[in-house]
Amino acid sequence: GGQMTEAEEVVQRQVDAYNRRDLDGFLACYAEDAKLWRPPNELTESGIEALRRRYRERFDRAPALQATIKRRIVLDRFVVDWEHVSGVPEGEFDAIATYEVVGGRIANVWFLRP
């Protein structure tokens, strides 16, 4: 309930674009120098063009792609989503994504997968 924070609003816009496989709408939620991480410290993608390559391939290979948010925690500029991802060739999975929002754009994402 209540108003979404700026951080939650941009993360939700990103989730909605992901579920439409709307690459431009998805990338619009990210900073130009956004970084994706596999904890504790492996940088998997850096910069908007690297994200474009990763997600263009993902959207092209998974026409039924869908992320369902099972739980969300919002703390200031951080949004933590427990996501269930389905419609992917490798089979559905759960992941935890921690987003850091700076200046209205997602600057960092840390992905935890079992």
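Source: prediction; values computed, not measured.

Caption draft 1: Broad picture of the overall build of the chain. For the chain, the helix and strand inventory stands at three helices and six strands. Taken over the C-alpha trace, the chain has a radius of gyration of 13 Å; the compact-globule value for 114 residues is 13 Å, and the two agree within 12%. Once the C-alpha set of the chain is aligned to its principal axes, its extents read approximately 35 × 30 × 30 Å. Taking contacts inside the chain between residues at least 6 apart in sequence as the whole, the part at least 24 apart equals 43%. Counting every atom, the chain has about 6,500 Å² of accessible surface; 49% of that belongs to carbon and sulfur.

Caption draft 2: Representation of the sheet that holds strand β5 (residues 93–102) within the structure. With respect to topology, six strands assemble into an open sheet ordered β2-β1-β6-β5-β4-β3, the strand pairing being mixed. Looking along the sheet, the strands with just one partner apiece sit at the ends: β2 (42–46) and β3 (66–75). Neighbour-to-neighbour, the strand axes of the sheet open up by a mean angle of 25°, direction not taken into account. Note: β5 against strand β6 (residues 105–112), seven bridges, orientation antiparallel. By the bridge assignment, A97 is partnered in β6 with F111. Packed onto the sheet, helix α1 (residues 6–20) meets β1 (30–38), β3, β4 (78–86), β5 and β6 and runs at close to 175° relative to β3. Running over the sheet, helix α3 (residues 48–61) touches β1, β2, β5 and β6 and is turned about 65° from β1.

Calculation criteria
- Residues numbered from 1 in each chain as written.
- Predicted model: local features only at pLDDT ≥ 70, side-chain atom pairs only at ≥ 80, totals over all residues.
- Heavy atoms only, no water.
- Helix = DSSP H or I, 4+ residues; strand = E, 2+ residues; numbered from the N terminus.
- Rg over C-alpha atoms; globule rule 2.2 N^0.38 Å.
- Contact = heavy atoms within 4.5 Å.
- Areas by Shrake-Rupley, 256 points an atom, 1.4 Å probe, with all protein chains shown as cover.
- Pairing = 2+ DSSP bridges.
- Axes fitted to C-alpha atoms, helices over the stretch in contact; angles between N-to-C directions.

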